[in-house]
Amino acid sequence: MNFSNIKKEFPIFNNKNLIYLDSANSSQKPQSVIDRINDFYSNEFSNVGRSIHALSIAATNNYENTRVSVQKYINAKDKDEIVFTKGATEAINLVANTFGQKYLKEGDEILLTELEHHSNYVPWHYLRNLKGVKIEFAEVNNDGEVTVAGIEKKISSKTKMISVTHLSNVTGAILPIKEITELAHLKGIPVLIDGCQGAPHLKLDMQDLDCDFYTISCHKMYGPTGLGILYAKKKWLEELPPYQGGGGMIKEVKKDSVSYGDLPNKYEAGTMATAQIVAFDQSIKFLEKIGMNNVIQHEKELMDYGQEILRKNNSVKLVGNPKEKGAVLSFTIEGVHPHDIATILDEDGVAIRAGHHCCQILHEKLGIAASARASLGIYNTKEDLNQLNSSINKCKKIFNLK
Amino acid sequence: MNIKELYQEIILEHGKNPRNLRKTDNFNKDAKGYNPLCGDSVHVYLKLDEKKKVEDASFEGSGCAISMASASIMTDLVKGKDTKEVKEIINDFLGMIKENPELKSKILKDEEKTKLMCLSGVKQYPMRVKCATLSWHTLISAIDNSHEEINTEKLY
């Protein structure tokens, strides 16, 4: 697989001095995805699932077609297990809200990890006040990982849900989610996997993984913004109450009663992000064309190379050292605040993120206020990492470091 | 704009060795400020005498070179001035960072103006303006004793 041409498929890299190392935040979009949004609005637009006219029928077919593509891509058993949301954040809120409503009571525990993004903590935090639920955090070890043993230690007879990230957006640790799920199921506890960072970089197989819920952020997966996916086992979607009420999610509405639509419509109230959903099919096609095995291999080579050159660079310290690591290089430079690093790197067109990356709990645990993060996508190259390294050197020079 | 105009020698020097990075003994005014975007925090302490003159000013906190240098220069500058003068300087500084090409206050000596103008580079970096202004907003809160924690996300 020749990865040197992939950048050309992303128009943002044309004629621009841009070293984009912020894909964990949001990825760039290939031409095929951008074109599909344009085509759809220009020639095919209609709302879906409501009207009888030809445009609506075609739009509905395209919309449902993406659902089937997602189902196949993540090897879900049934297409009705794929729910479109406005983002992975909404997907987690949907589960926390409906599961909390139906199953949780005072004293029950939700088990998270110290690696979690705020979006896999705050939705559960609401249940503290609403239901008197307790939140436990499995500890991160010195390498920035959470182990199965670390999870097991925090499981109690009151644990009602385990919600963990697939791949940490800070340390890059890939969690042993299959083992965590097996362990949880032995104890009768359902599992939600926050797959925001997992889905763009790893091969997914829901049937093999056997988790109860898996959430995906489409804009991190070379797709449009405003779109997320909730995978949930059918039995959960049947058992849980609806999340939002409105058009499209109902069966029958009377003055004294409302009944809800079949899956997955029950969870898709109101007009959805139609164009984005139709265009997301192109993101999946794009990844399938490259092949996930190739994506994984390319990103691993880049990651190994990036770690190697940054380790050799004096005063640069990598955040975390997990054995199984995804496409994230978080680092600090002794004596330079990450915000200063990001501003100076930006001068050379090197786009990184600086701050706590929505993981304040983790940064506190690691004893750092913030970190700088270079995160990779399929369009990145070793030259990009060389530029990162030389811009870091420029930064050190400005701050009189060796 | 050249990055060197933002990271001038005086900024780097104050960033590395911030003045007044401590807690004033027997302070009688203080306030906390927080920038949720980056997690930077600052706690400003003042000791005012009976004539409302700043006997001592100090701060605690962590942050980037810009925010540390700004708090360092600020706490140096306000010592010996009364709260009315301090407020005039704050308004002048914030006005300069926001839109004015230069500082106007007559209370400021030329050398003080030169020092403060070193921070004007952030005007070209909208995301970094908050780094330079957090401690100043927090100083207002300390003087007013409003006990309101300054949150940069709620200022603009």
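**Concerning the overall build of chain B**
Here comes step 1: Counting its regular elements, chain B contains six helices and four strands.
Here comes step 2: Counting from the amino terminus, chain B carries its helices and strands in the arrangement α-α-β-β-β-α-α-α-α-β.
Here comes step 3: Computed over the C-alpha atoms, the radius of gyration of chain B is 14 Å, within 12% of the 15 Å expected from 2.2 N^0.38 for a compact globule of 156 residues.
Here comes step 4: When its C-alpha atoms are laid out on the principal axes, chain B stretches across 45 × 35 × 30 Å.

**Some points on the interface of chain A and chain B**
Here comes step 1: With 15 residues of chain A at the interface, the matching set in chain B holds 15 residues.
Here comes step 2: When contributions to the side of chain A that touches chain B are tallied by element, the ones reaching two or more residues are helix H11 (338-347), strand E14 (353-355) and helix H12 (360-366) of chain A.
Here comes step 3: For the side of chain A that touches chain B, the element with the highest residue contribution is H11(A), accounting for five residues.
Here comes step 4: Of the residues in the side of chain A that touches chain B, the class split is six nonpolar, seven polar and two charged.

**Points about unusual backbone geometry**
Residue and element names in this part refer to chain A.
Here comes step 1: With an omega of -5 degrees, the peptide bond running from Leu263 to Pro264 counts as cis.
Here comes step 2: Notably, Tyr222 is not glycine yet its phi reads approximately 65 degrees, a positive angle.
Here comes step 3: Checked against the element boundaries, Tyr222 lands in the loop between strand E7 (213-217) and strand E8 (228-232).
Here comes step 4: The phi angle at Cys358 is positive, at roughly 60 degrees, despite the residue not being glycine.
Here comes step 5: Tracing the chain through its elements places Cys358 in the loop between E14 and H12.

**Re the sheet that holds strand E15 (residues 371-375) of chain A**
All names here are of chain A.
Here comes step 1: Here four strands make up an open sheet; going across it, the order is E11-E12-E15-E14 and the pairing antiparallel. Taken across any chain shown, the strands that pair with only one partner, and hence form the sheet edges, are strand E11 (316-318) and E14. Sheet twist, expressed as the average angle between the axes of neighbouring strands with direction ignored, equals 30 degrees.
Here comes step 2: Sheet topology note: the E11/strand E12 (residues 328-333) ladder contains three bridges and is antiparallel. Considered in E12, the bridge of Val316 is made with Ile333.

**Here we look at the sheet that holds strand E4 (residues 134-138) of chain A**
Residues and elements named next belong to chain A.
Here comes step 1: One open sheet accounts for seven strands, arranged E2-E8-E7-E6-E5-E3-E4; its pairing is mixed. Both outer strands of the open sheet, strand E2 (82-85) and E4, are each paired with one neighbouring strand and no more. On average, each strand axis in the sheet is inclined to that of its neighbour by 20 degrees, with strand direction left out of account.
Here comes step 2: Relative to E4, strand E3 (residues 109-113) runs parallel, the two being bridged by five bridges. Opposite Glu109, over in E4, you have Lys134 as the bridge partner.

**So, the packing of helix H4 (residues 83-98) of chain B against helix H6 (residues 129-144) of chain B**
All names here are of chain B.
Here comes step 1: Taken N-terminus to C-terminus, the directions of H4 and H6 make an angle of 155 degrees; their axes are 11 Å apart at the nearest point. Classified by the interaxial angle, the pair formed by H4 and H6 is roughly antiparallel. At the point where H4 passes H6, the crossing takes the left-handed sense. On H6, the residues touching Thr83, Val86, Lys87, Ile90, Phe93, Leu94 and Ile97 of H4 are Val129, Ala132, Thr133, Trp136, Leu139, Ile140 and Ile143.
Here comes step 2: A class-by-class count of the residues in the contact of H4 with H6 yields eleven nonpolar, two polar and one charged.

**Observations concerning the pairing of strand E3 (residues 54-62) of chain B**
All names here are of chain B.
Here comes step 1: Relative to E3, strand E2 (residues 40-48) is paired through eight bridges, and the arrangement is antiparallel. The residue bridging Ser41 from the neighbouring strand is Ser62, located in E3.
Here comes step 2: A loop of five residues connects E2 with E3, the two strands running antiparallel in sequence, and Lys52 in this loop sits at a positive phi of about 65 degrees.

**Let's talk about the nonpolar core**
Residue and element names in this part refer to chain A.
Here comes step 1: Formed by 113 residues in total, the largest nonpolar core has its most connected members in Phe213, Ile229, Tyr231 and Ile341.
Here comes step 2: No fewer than three residues from each of domain 1 (3-29 + 291-398) and domain 2 (33-288) sit in this core.
Here comes step 3: Other than its neighbours up to four places away in sequence, Phe213 contacts Val95, Leu192, Ile193, Leu230, Tyr231 and Ala232.

**With respect to the domain arrangement of chain A**
All names here are of chain A.
Here comes step 1: Each assigned domain of chain A is listed here: domain 1 (3-29 + 291-398) and domain 2 (33-288).
Here comes step 2: In this structure, domain 1 and domain 2 have C-alpha centres spaced 27 Å apart.
Here comes step 3: Sorting the residues of the side of domain 1 that touches domain 2 by element identifies helix H10 (292-312), E12, H12 and E15 as the ones contributing at least two each.
Here comes step 4: The dominant element in the side of domain 1 that touches domain 2, judged by the number of residues it contributes, is H10, at four residues.
Here comes step 5: Class assignment for the residues of the side of domain 1 that touches domain 2 results in 13 nonpolar, eight polar and six charged.

**Notes on the environment of Asn93(A)**
Here comes step 1: Position of Asn93(A) relative to the elements: it lies in helix H3 (residues 88-103).
Here comes step 2: Each C-alpha atom of the pair Asn93(A) and Asn120(A) lies 8.5 Å from the other, and the pair is 27 residues apart in sequence.

**Topic: the confidence of the model for chain B**
Here comes step 1: Confidence in the prediction of chain B, expressed as mean pLDDT, is 91, and 93% of residues score 70 or more.
Here comes step 2: With a pTM of 0.93, the predicted complex shows an ipTM of 0.85.

**Section: the pairing of strand E9 (residues 250-253) of chain A**
Residues and elements named next belong to chain A.
Here comes step 1: Alignment of E9 against strand E10 (residues 258-260), held across three bridges, turns out to be antiparallel. In the strand pairing of E10, Val253 is matched with Val258.
Here comes step 2: Between E9 and E10, which pair antiparallel in sequence order, lie four residues.

**Let's talk about the environment of Pro36(B)**
Here comes step 1: The residue Pro36(B) is located in the loop between strand E1 (29-35) and E2 in this model.
Here comes step 2: As for Pro36(B) and Asn151(B), which are separated by 115 residues in sequence, their C-alpha atoms are 7.1 Å apart.

Reading the values: rules and limits
Residues numbered from 1 in each chain as written. Chains lettered and ligands numbered in written order. Predicted model: local features only at pLDDT ≥ 70, side-chain atom pairs only at ≥ 80, totals over all residues. Helix = DSSP H or I, 4+ residues; strand = E, 2+ residues; numbered from the N terminus. Rg over C-alpha atoms; globule rule 2.2 N^0.38 Å. Contact = placed C-beta atoms within 7 Å. Nonpolar A, V, L, I, M, F, W, Y, C, P; charged D, E, K, R; others polar. Pairing = 2+ DSSP bridges. Axes fitted to C-alpha atoms, helices over the stretch in contact; angles between N-to-C directions. Parallel < 35°, antiparallel > 145°, perpendicular 65-115°, else oblique. Left-handed = near helix turned anticlockwise from the far one by under 90°. Core = buried A, V, L, I, M, F, W, Y, C linked by C-beta atoms within 7 Å. Buried ≥ 20, exposed ≤ 12 C-beta atoms within 10 Å, placed from the backbone. Domains from an automatic or database assignment. pLDDT = per-residue confidence, 0-100.

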